[in-house]
Structures are given as structure tokens and as C-alpha cells.
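Architecture and fold: a report
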2 protein chains.
Amino acid sequence: MLCLSDHFVLSVLWIEHRDGGLRPMDADQLREHAHKMVDFIADYYKNIENFPVLSQVEPGYLSRMLPDSAPNHPESLEDIFNDISSKILPGVTHWQSPNYFAYFPSNSSIAGFLGEMLSAGLNIVGFSWITSPAATELEMIVLDWLAKLLKLPGYFLSGGQGGGVIQGTASEAVLVVLLAARDKMLRTVGKNALEKLVVYASDQTHSALQKACQIGGIQPENCRLLETDSTSNYALSPGVLCEAIAHDIAIGLIPFFLCATVGTTSSTAVDPLLPLGKIAKSNGMWFHVDAAYAGSACVCPEYRHYIDGVEEADSFNMNAHKWFLTNFDCSALWIKDRNALAQSLSTNPEFLKNKASQANMVVDYKDLQIPLGRRFRSLKLWMVLRLYGIENLQCYIRNHIKLAQQFEVLVAQDLRFEIVTPRIFSLVCFRLLPSQNSKDHGNELNHHLLDTVNSTGKVFLSHTVLSGKYILRFAVGAPLTEERHVTAAWKVLEDEASALLRSL
Amino acid sequence: MLCLSDHFVLSVLWIEHRDGGLRPMDADQLREHAHKMVDFIADYYKNIENFPVLSQVEPGYLSRMLPDSAPNHPESLEDIFNDISSKILPGVTHWQSPNYFAYFPSNSSIAGFLGEMLSAGLNIVGFSWITSPAATELEMIVLDWLAKLLKLPGYFLSGGQGGGVIQGTASEAVLVVLLAARDKMLRTVGKNALEKLVVYASDQTHSALQKACQIGGIQPENCRLLETDSTSNYALSPGVLCEAIAHDIAIGLIPFFLCATVGTTSSTAVDPLLPLGKIAKSNGMWFHVDAAYAGSACVCPEYRHYIDGVEEADSFNMNAHKWFLTNFDCSALWIKDRNALAQSLSTNPEFLKNKASQANMVVDYKDLQIPLGRRFRSLKLWMVLRLYGIENLQCYIRNHIKLAQQFEVLVAQDLRFEIVTPRIFSLVCFRLLPSQNSKDHGNELNHHLLDTVNSTGKVFLSHTVLSGKYILRFAVGAPLTEERHVTAAWKVLEDEASALLRSL
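This structure is a prediction, so every number in the text was calculated from the model and none was measured.

Before going further, it helps to spend a moment on the nonpolar core. A:Phe316, A:Trp334, A:Trp382, B:Phe316, B:Trp334 and B:Trp382 are the most contacted members of the largest nonpolar core, which totals 242 residues. For this core, the two domains that each supply at least three residues are domain 1 (10-94) and domain 2 (390-503) of chain B. Residues contacting B:Trp382, with those up to four places away along its chain left out, are A:Leu66, A:Ile80, A:Asp83, A:Ile84, A:Ile88, B:Leu138, B:Val142 and B:Trp145. Membership of the second largest hydrophobic core comes to 78 residues, among which are A:Val177, A:Ile254, B:Ala212 and B:Leu345.

This is how it looks when you write it as C-alpha cells:
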């Protein structure tokens, strides 16, 4: 039971006290070491363009570089920094690189980073109001701010029965509302009707919906992913939805949940909220709007119309951690009726009871999410909104959309390529045109082009498939991306396409 | 579409470029502002004992202090710091205060904090191996390290079919394994048998299990929380479990999941893993071990025996963010069969397909958790293990247990109090003895004592109820807690008890 150190060992962060105990927290040591970490991270951003955007390591690379057990004795921060540089960073895919155009962005910003620091510094666990009233109240306030900025309907504000709650991800957002909708319907039709419940969305909806259905016990064959195609730019057709609902009702099934998407993952398609919402309402269904990516654009008045019809929604979600400068994770969910979520997700064990909760004077966010514990995530969103201000945030979005437009023009000017779907926000879907005798309509060609481009390390793009066509996705949205990065990325694509076409 | 600034506005973190775009990330500004945040946080720790531990604000306090919408124009970091000091901190309950003894601890440490900083700095989203191979591989490696430190069975190591995965919380850990167990059983007995599935645990199990059952669609009446009492120190009796299972089988139900707890939330009771695990196995049930709190103690050889029998488990969970110096959130889950989780939680949309995943060469952690996105949380656990080393971490745990023993002695010496259950780890359950003519066995008295003590702001304790008795919980585990804090806390309790008894 003897402790190791019997004198100050500053380099290892431990101090022995007079009473023999060791402590791992000390304000002066925190200051000293955290300043070093700040410099390390600032240097990372200074050099970020020197790394291959997509990590080029092979599976299993790291286990060959690290010991197979934890050390008995402390190591120094210098050793850690050396290992991060030589062993960790080669295995990092640099989402913050200005040359990152894959998937959707995951924004880091100075404000978001400062908020994360403060949240980690306070390290509170805000499951109930009492465990840090500021965490609950600031979250309600900043989600009200954001709701107003998005011009969401008043019932999504925290003053009444509804309000906002920060989830980790859009997957958790759709899961909690699906569960609330499920249980609400089962309370009406009887708890043994689970097998009859049916969910609707387009075939472009995020895979998170299917996962939520699996989790919530919805029968896989009752998860209707309705077909879309290029005639509607991959938006869900109200007519197709109506038919599907009518058919299901006719065979004794129970429609209960509709998920519309504003800005689908594959091509940023926009489902028409107003007619879809009216159909959902007239059939007594929960209407959820997933605007995980494109919600950020709707802070600009000229893009707000894409969520017209949100006033029909029971819940609305956008990811501030995607394209709104708030470090991951921060997925904002608004709900019309907090109580519907609480009925599915609340537990009230004795050890958490307290006066404010028992008196129903407060919101306890544990009842509106899957986990019990939660971090103080509203700090970073608050800092983003305050340190940047609405007008700069709007400029930020507009600039990315402008850069995407510029990229679109470059692609359109090269007749070897085609734009596959009309660009709406900051994503361009395009592909290299196949030769006329291509057997697979150019899919192998574009797959090959993507691999070649990404393996240069100069840029990172991802792909999708639409109507059977393999398509390249160019998503502008990293905070450091400027026009020169976009034109350089296009140059890489052009050069690799030329080389590829020559080699055929 | 005009952007606001047309010159460098350093104080608001924005720079205008030659191309007209604004950028919210800049290495030099990050450095400057993050250094200020380091100093702010270090000063917070320097002054942490000056705050009331439990926030003393009234519900709604913050909305009266903040504007009701986000600012149009940027504000300064100085304004933010002022608001944090004057408006946010009064609403914070200081989990890192050395005088925090409520619930279970939520450890912040210098190493954990540095890891959080780096994770927020890189801000990658590690859903698939390819999106940052280092994030997946470091997680596998450090969870192997921790598994070895806990002497977990070899099948929990990442070399074979099993392995570790970091979840946000123990709630998510029990949920994902419950879903895997549910679906595994339904694949055997038929997908329409959901209503017949039965879950077992003691009535001391964490409320997260009940929540997981609600989410997974297990019928509430099939969630058996078996009675415990003081004769077994609130541990689950194998005999009681056997009887319950036999009864359920006899009436046609299907037992499928047993959750045992090592260190229950109310009183750190320890369920006997070995006999419980054998019962689960002989009935074809999934056996999950929840050691969220007490798992940390098991890194010390002298406490390891509390998880003897873990070799019968299908899954094992401990929260490194509770008592293992890793900032929230970091809940370590080990599973015997990764594939069982993936069968319930995997989705494979086109836009996430990549060579390494399709070739089955890698683990994609998205398939072992509820959300898609995930932070690079292994960094902080790696830093904790390396910067402190195994021996210091063991000393850290032992010191807290020693402090709890000292508190226990103080309570036992005051004949007005009683120790309610034998102390096992660093939690002491005690209460003020009621007078003989007390109608409610002293529950009101102890409730009152707790309120009085917490409203001094000098300490924060929480409570539970065991066998109908209202009990005070004194959980030692904050990183800054020393002997002087424990004796001072006892002094507050003694003084308030004296005043309370005088007032009767």
C-alpha cells in the first residue's frame, strides 16, 4: 500500500501531501501543462496542410508501435507529445484540414474549442437541474436563441410544453423521438401492437432511422424507405407517401412516424415539409424533420425557405457540430412536447430525487435523452453564438456555398465530367462520364478515380450511389477552406482523371 | 450577402481573407485565446473551495440574467469570461470541489483534461476505422491495457472475437448489450416473442437497466428487479434468482438477460458474480456485469476479488470517468462477441463504404454503439494511464478508500449516528438515529439534516433509501479531496445534527 513518490515530482503531475495521499489535480501544474497542450494544438493547425488529409496507414499499424500494457510508472508529457506526433497523427484523418471535402464537415472553431475546454475543466455531470443549474438553464437559453435564429415555431421554445435539448448526434435525436412516438401510439392502440407500427421516410433518409427502428423493436419490414429518383431530385413525393400509408392502413398496419430530411446525406435533397407534414398530421403520425446538415444554412434568410413547413413538425434536429462551428458533439433537437419524451425516457430512482425535481419546477435533461450523464455542451454553442455573432455566422455559411458554386462551375466546364444532381447547399455531386461502351456505367471508373485522388493525400472526398450510379461527393465546409483549396482540389481531380483516362 | 468585417478584427476571432471569406479558425488566435482559457480554468481550480459546492440558485435564475436572443455582432472573450464568473459559476454545482461527496465522483485530472483538449483540437469523428485509424486502434489498445490491469478474461481482449469499446455512459453500455442479447434470443425463439423476454437484476440495480428495457421494448412487467435486504448487504441472492427463473420458465416466459452489479449506486453492494454467472449460463442468458463505480477499485490486487466470476460474463462495464481520473465521458465496455453487438447495431449505407471496412480488415466502432459519430475519447484514457502509471493510480484509489474508512470511524464514534451498511469501497452509508417515538423511523429527520448540510454550501452529500430508511451517502472520490476535507465535512454534519436535535 506504499505510494511511490515521497517528494514533489512535478514532471509526472503528482504531488505527495502531508497526509500521504497523492493528488492528480493541481492548479499550477494544470496551468503549466495545459499551456503546453495549447501550443501543441496551435502548432497542429499551423501545419495542418502538411499532413495527408486521409490517413494512409494500414490496419493494425498502431499496435506494432505501442507497448502491450500500461506503464507501472509515470511517463512524461514530452514522451506523450512525441508519440502523438510520430504515432498518432499519422493515423489521423484530418477533418479540420482545409482540403477535407468528405462526408459532411465536422467544424472545429476557436470558440467551440474554448467551450470544450471550459466544459472539460468544470467537468460537471448535468443529468438533473440540481447537479448544475447553469448547465440546464444555459442549454434551454441557447437553444431558444438558435430556434429564433432558425425561425422555428414558437412551440419549440422552452417557455411552454416544448423546448430544445442537446443530443450527442442526429442518430440519438431520431432515436429518442421515434421511441416517444412509438410509446405514444402504443398507449393509444395497446402495448401489444408493436408489430403493426410502421415508419416512413425516403430511401435517401439517413441510416440512423433504420438503426433507431432496430433498437426500438420496429419490425424491419415495417420500415418503409420510399423510393425517390432524379425526377424529384431525390426528394420524397407526398403522393408516394399517401399511397404507402393508405395501403398499410388497408392491411391493418398502424402508421406512426414520418421522418423528412432537409439536406440528405447523399445529395442534400430536400423533402417538401409542408405537404408531408400535413399528411402525417391527418394520419395521427409523429412528424420528425432531420436537418442535421442543412439546418445550419437556414440561419440565412435566403435559405430559410427550405424548412418552410417545419410548423407541422413534432420535432426538428440540426447538428451544430457539422457546419455551425461548434465542436463535436452538439446535435440540437427541438420537440413540441417534452413530456412525450419523458414518458419514454424518464426514470426516477430514489438516489436522484431532489426538491426542485420533485416539485416539477425544473427540466431534468436526463429524461429527454438515452444516457443519464451529460456534459456541459451548451457552453460551446453559447460561445460560438456570442464570439462570432449572427451576421458572421451567416457569412460563414454563405462563403462555403459560394465556394461550392465555384467548384460546380469548374466541374461543369470540363466536359469529361457531369454534375449529377443540382447543387443546393455546399455539396457538389459529380462524376467522370464513362465511355459509351462502359459495362457498369462508369462506376468502376469513378470508384478508381476516388481511390486515386484520396491516396494522393492532397484532398479527401467521399462517394455515394444514386440510381445505381457511383458518384463523387465534394462537400465544402471545413473552417479553414478557402478558394485556393477548392481550385487546388479540382486540379488534383483533373490530373488524376487525365492519368486514369490515359491508362485505359 | 456582404460580410461585416473588412479588416482584421483580432478580438473577435475573425480574419478576412483576400478572397473575401471569413475564417473562424486561425492558429495564432487559437493560441492567444486558448492560453487565456487555460489561465481561467487554472484560476478556477485555485479558488474552487471558495464556491458553495452545491449551487444555491433558484430555478430560472439564468434567463433573468441573459439576453433573449443571440447577438448580431461579435462579443469579446473578456465579456464571456465576465459572464462565466458572474452568471454561470453561481449556477454550477462543483463536482471537482474537494468538498463534493454526493452521488459518485466524476473525476477530472490534468491528464484527462489534456486528453479532452487534444480530442477537441483534432475534432475528428471516428465512426469508421478509415475516418481516423488512430482513434479506433488506440481505443482497442488502451482498453486492452485496462482489461489486463483489471485481469479480465482473455476473450475480452481485442485479439479475438471480443474487445473493448468506449461508450458515453454506463446507461449506453447496458442498453447496447441488452439489445444484442434481445436480438440474439429473438433469432433463436422467433422475432415475435419479444413480449415473453425477461430481464433479471436486483432491486439495487441502476435505473439505467429499466430505461434500457423501456427503450428495447421489453415489457415493464418482465423486468424482474429481485428483492434484496440487509441480510445479504443488498446483494442479489442466487437462490432468489433461480426461483424467479424457474417460475418464469414454468409460465412460458423466456429469461434472456441478467445484470449483476459490483458496487451498486445506493450502497456499493456487490452481487456474487460466480454463482450468478453460472445460473445465467445454464439458462442460456446473456450475463452483463455493471461495475461502473467499483470497477476502478479492482485495479488494486486487494480489491480484484470483488469481480471474481467475471469470467462467466458476456460483457463487463466500468466508468473510467467516475473514479479513474478520466474526464467525463468515458465508459469502458468489454464484450465477448463483438459480432453480437454489430448484428443489432450495424448499418452499412453506401456513403460509409470503404475498402478497409468492406474487406473486414478493421473494427468500425459505429457498429458497437448507439450513435454514428464518436469523439476520440481514448486519448484521455491513454494519457491518464501513461502520465500517472499503474502504481500511482492504485495509490489514488487506496487513498480514497482510506479517507472513507476514516470518515466511517468518525461516524461510528458518535453514538447519535449509525452506519447503515458495511462500507466496502469509498462510500459510507449512515444516518442520524431517530428518537424512539419517531413515527417515520427518522426519515424526515435525516432528510432535514441533508438539506441543512447541503444548504451551507460547505459540502455536498446525497441520499438513498434502503429497506425504507432514508440514508445519507458520503462518497469520497474527488481528486482534490484530502483528509482535512473529510474531517471538516464531518464537523459540518455534527454541528448541523446538534442544531437540528436541539430544535426538536
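Glancing now at the packing of aromatic side chains. Residues and elements named next belong to chain A. Under the defined criterion, the tally for this structure stands at 46 aromatic pairs over all chains. Ring centres of Tyr100 and Phe460 lie 5.6 Å apart, and the angle between their planes is 80°; on these two criteria the pair is classed as edge-to-face. One end of the pair, Tyr100, is in the loop between α2 (77-88) and α3 (110-122); the other, Phe460, is in the loop between α13 (443-455) and β12 (462-466), with 360 residues separating them in the sequence. Here Phe460 falls in the buried class, since its relative accessible area comes to 4%. With a centroid separation of 6.0 Å and an interplanar angle of 40°, the aromatic rings of Phe256 and Phe257 are classed as tilted. For the pair Phe256 and Phe257, a shared accessibility class is recorded, and that class is buried. In this structure an aromatic cluster arises from ring pairing among Phe101, Phe407, Phe417, Phe430, Phe474 and Trp490. The side chain of Lys336 reaches across the aromatic face of Tyr155, ending 4.5 Å from its centre.

All names here are of chain B. Contact geometry of helix α5 (residues 170-189) with helix α10 (residues 338-345) gives a least axis separation of 8 Å together with a crossing angle of 85°. Relative to α10, the element α5 is oriented roughly perpendicular. Taking contact as the criterion, the partners of Val176, Val177, Leu179, Ala180, Asp183 and Arg187 in α5 are, on α10, Ala340, Leu341, Gln343, Ser344 and Leu345. Residues that form the contact of α5 with α10 fall into these classes: 7 nonpolar, 2 polar and 2 charged.

Contact with chain B, which involves 169 residues of that partner, is made by 169 residues of chain A. In this assembly, chain B packs against chain A so that about 15,300 Å² is buried in total across both faces, 65% of it on carbon and sulfur atoms. Contact with chain A buries surface across chain B, with B:Ile110, B:Phe351 and B:Arg386 losing the most and accounting together for 5% of the total. Our count for the contact surface shared by chain B and chain A stands at 12 salt bridges. In this structure, B:Arg386 and A:Asp83 form a salt bridge, with 2.7 Å as the shortest nitrogen-oxygen distance. Taken together, the connections running from chain B to chain A amount to 75 residue pairs in polar contact (both at pLDDT 80 or more).

What counts as what
Every chain begins its residue count from 1, and numbering advances along the sequence as written. To label them, take the chains in the order written and letter them from A, then take the ligands in the order written and number them from 1. This being a predicted model, a pLDDT of at least 70 is required before a residue's local features are given, and a value of 80 or more before pairs of side-chain atoms are given or counted; all residues contribute to the totals for chains, interfaces and linings. In computing side-chain values, all of the structure's heavy atoms are included and hydrogens and water are not. Nonpolar cores were defined as sets of buried Ala, Val, Leu, Ile, Met, Phe, Trp, Tyr and Cys residues, with membership established by side-chain atoms within 4.5 Å. Each residue gets one of three labels from its accessible area relative to the maximum for its type: buried under 20%, exposed over 50%, partly exposed in between, using a 1.4 Å probe on protein chains only. Here the limits of each domain have been adopted from an automatic or database domain assignment. Contact between two residues is taken to exist if any of their heavy atoms lie within 4.5 Å; hydrogens are not considered. Whether two aromatic rings pair depends on their centres lying within 6.5 Å, for rings of Phe, Tyr and Trp, where Trp uses its six-membered ring; planes under 30 degrees apart make the pair stacked, over 60 edge-to-face, and the rest tilted. Note on conventions: DSSP H or I runs of at least 4 residues are helices, E runs of at least 2 residues are strands, and numbering of each starts at the N terminus. Only lysine NZ and arginine CZ atoms are considered, and such an atom sits over a ring when it is within 6 Å of the ring centre and within 35 degrees of the ring normal. To define axes, lines are fitted to C-alpha atoms, for helices over the stretch in contact only, and angles between the resulting N-to-C directions are given on a 0 to 180 degree scale. Oblique is the label for every angle not falling under 35 degrees (roughly parallel), over 145 degrees (roughly antiparallel), or within 65 to 115 degrees (roughly perpendicular). Three classes are used, and their members are as follows: Ala, Val, Leu, Ile, Met, Phe, Trp, Tyr, Cys and Pro are nonpolar, Asp, Glu, Lys and Arg are charged, and the others, Gly among them, are polar. Two parts placed together each lose some accessible area; with a 1.4 Å probe, that loss summed over both constitutes the buried area. The rule for a salt bridge is simple: a side-chain nitrogen of Lys or Arg has to be within 4 Å of a carboxyl oxygen of Asp or Glu. What qualifies as a polar contact is a pair of N or O atoms within 3.5 Å, subject to a donor-acceptor requirement within protein and to the restriction that residues adjacent in sequence count only when both atoms come from side chains.

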